[in-house]
Amino acid sequence: MGADKDQDAPQLLGATAFKPKERVGADRYTHVLWDKETGEVCTRTPRSWALITIFYLIYYSCLACFWYGMLCLFFTTLPEGRPKWIDTESLIGANPGLGLRPEQPDVSISSSILLLKKNAKGEKYSRDFETTSNIDWAKRYEKYLKQYGNTTLKRNCDDSAYGESDELGCIFDTAVLGECGTFPYGYELNGAEETVSPCVLVKLNRIFGWTPQPYENIDDDQDPEDPVPDRVRKLVAQDPNNIYVHCEGENPADVEALDGNVKYFPDNQAIPFKYFPFNQPADLYHSPVVGVKFSNMPVGQLIHIECKAWAKDISHDRKDRLGLVHFEILLQ
């Protein structure tokens, strides 16, 4: 009768929960690494480790193959040796901006002011040329010009090269920069000068495949709200197959300070059309530049300067910095 009573008793749930074995000393920790009783290594048996390793090898191999396949599929949509979107189809558009060299040092990268010492001479340059001293401005200028010494895989072009699409870019001869091509580029006193006469290099930002167009009738082609300067008109009349760079003061005081004190190299202020279109990798292309020298700048006056590029298909927009570059010069 007692046996029947035990047989009818309900079975206990959770009977698989057992109290773990009591461990003492170092065995409380070392058994996790190697359990002599079960043969487990780091809480798993060798068989369990083998199975999980095989699983993740297969899983990540399939994932890598999928990723590589998608990457190959993406590359089939890209043309060889050129951007997919160019000209008006690209975010950059078909209206180039202008760049200024030398660039600001890292400590003032967001500034557009060339802050210079008026009578600098014999300064010592820093190790990385990353200060605002006059000599470091000159060294950064020199560093930029050094790229034009590399003429490997580049060609000499004449004016007939305009519009040609060649694998090799045209060589830019820095000899045309005259005084703006000779160290220290006006950033230190020279001879009887009382103040420094710094040079800057104005360049067009590269737009792949863009070819400038010459003025056909300058009165019809110009924007009435942005008339072509008289000096540029005369230059266009002499040779329309150039982009012309022209710098002016932004305010009446700036115009007065620059009057007769700006000199261009080359003196025709021109970037010839032969350098376009830009269809080569950056290391196979010399960006043509115009040197601009500013002399007799007033000391202690911040001079606001705006340089514009002039051609039929270059428009100017101060908000988006299209076709122009703005900077200031301050001698102290």
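This text goes with the structure placed above it.
As the structure is a computational prediction, the values presented were derived from the model and not from experiment.

> Tell me what's going on with the side chain of R140, and back it up with residues and numbers.
Inspection of the secondary structure assignment puts R140 in helix α4 (residues 134–145). Buried charge R140 goes without a salt bridge, the closest partner of opposite sign being D136 at 5.1 Å. A polar contact is formed between the side chain of R140 and the backbone oxygen of E103, at a distance of 2.9 Å. Looking at R140, its side chain comes within polar contact range of the main-chain oxygen of F129, at 2.7 Å. Ignoring anything within four residues of it in the chain, the contact list for R140 reads P102, E103, Q104, P105, F129, E130 and T131.

> I'd like to hear about a nonpolar patch on the surface, residue by residue, with values.
Judged by side-chain polarity, F55, Y56, Y59, Y60 and L63 come together as a nonpolar surface patch covering roughly 540 Å² of accessible area. Relative to the helices and strands, Y60 is located in helix α3 (residues 46–75).

> Break down the environment of D221 for me, with residues and values.
Tracing the chain through its elements places D221 in helix α5 (residues 218–221). For the pair formed by D221 and D313, sequence separation is 92 residues and the distance between their alpha carbons is 8.7 Å.

> Describe the sheet that holds strand β9 (residues 289–294), and please don't skip the residues or the numbers.
Remark on secondary structure: sheet strands pair via backbone hydrogen bonds, oriented parallel or antiparallel. Ordered by their spatial adjacency, four strands build an open sheet running β1-β5-β9-β7, and the pairing between neighbours is antiparallel. Sheet topology places β1 (98–101) and β7 (262–265) at the edges, where each strand pairs with a single neighbour. Across the sheet, the axes of successive neighbouring strands diverge by a mean angle of 30°, strand direction being ignored. Judged from the five bridges that link them, strand β5 (residues 199–204) and β9 form a sheet pairing that is antiparallel. Looking across to β9, one finds that K203 is bridged to V289.

> Lay out the packing of aromatic side chains with the relevant residues and their values.
The full count for this structure, using the stated rule, is 18 aromatic pairs. Residues Y56 and Y59 carry aromatic rings whose centres are separated by 6.4 Å and whose planes lie at 90° to one another, so their mutual orientation is edge-to-face. Of this pair, Y56 and Y59 are both found in helix α3, three residues apart, which corresponds to roughly one turn of the helix. Y56 sits in the partly exposed class, given a relative accessible area of 39%. Look at F208 and F278: their rings are 5.8 Å apart centre to centre, the planes differ by 70°, and that puts the pair in the edge-to-face class. Here the residue F208 occupies a position in the loop between β5 and α5, and F278 occupies one in the loop between β8 (270–272) and β9, the gap between them amounting to 70 residues. Considered together, F208 and F278 belong to a single accessibility category, that of buried residues.

> Can you explain the state of the cysteines? Please cite residues and give values.
By the definition in use, this model includes three disulfides. Across a sulfur-sulfur distance of 2.1 Å, C180 and C199 are joined as a disulfide pair. Classification of the bridge connecting C180 and C199 rests on its S-S torsion, roughly -80°, and on that basis the disulfide is left-handed. Taken together, the residues span a long stretch of sequence, with C180 in the loop between β4 (169–170) and β5 and C199 in strand β5 at a distance of 19 residues.

> Can you tell me about empty space enclosed by the protein, naming the residues and giving the values?
Here the structure, examined in full by the defined rule, presents two cavities of 30 Å³ or more. Estimates place the volume of the largest cavity at around 60 Å³. Lining the largest cavity are L204, N205, R206, I207, W210, F276, F278, Y285, S287 and P288. Each pocket or cavity is described by its volume, and for the second largest cavity that value is around 40 Å³. Forming the boundary of the second largest cavity are eleven residues, of which R155, C170, Y275, P277 and Q280 lie nearest the centre. Per-class residue counts for the lining of the second largest cavity are six nonpolar, two polar and three charged.

Cut-offs and rules
- Residues numbered from 1 in each chain as written.
- Predicted model: local features only at pLDDT ≥ 70, side-chain atom pairs only at ≥ 80, totals over all residues.
- Heavy atoms only, no water.
- Helix = DSSP H or I, 4+ residues; strand = E, 2+ residues; numbered from the N terminus.
- Buried < 20%, exposed > 50% of the residue type's maximum accessible area, 1.4 Å probe, protein only.
- Lys, Arg positive; Asp, Glu negative; His and termini not counted.
- Salt bridge = Lys/Arg side-chain N within 4 Å of Asp/Glu carboxyl O.
- Polar contact = N/O pair within 3.5 Å; in protein donor to acceptor, adjacent residues only side chain to side chain.
- Contact = heavy atoms within 4.5 Å.
- Patch = residues over 30% accessible without salt bridge, like charges linked within 9 Å, V, L, I, M, F, W, Y side chains within 5 Å.
- Areas by Shrake-Rupley, 256 points an atom, 1.4 Å probe, with all protein chains shown as cover.
- Pairing = 2+ DSSP bridges.
- Axes fitted to C-alpha atoms, helices over the stretch in contact; angles between N-to-C directions.
- Phe/Tyr/Trp six-rings, centres within 6.5 Å; stacked < 30°, edge-to-face > 60°.
- Disulfide = S-S within 2.5 Å.
- 1 Å grid on protein atoms, 1.4 Å probe; cavity = no way out; pocket = protein on both sides within 12 Å on 5 of 7 lines; lining within 4 Å.
- Points joined across faces, edges and corners; volume = space filled by probe spheres on them.
- Nonpolar A, V, L, I, M, F, W, Y, C, P; charged D, E, K, R; others polar.

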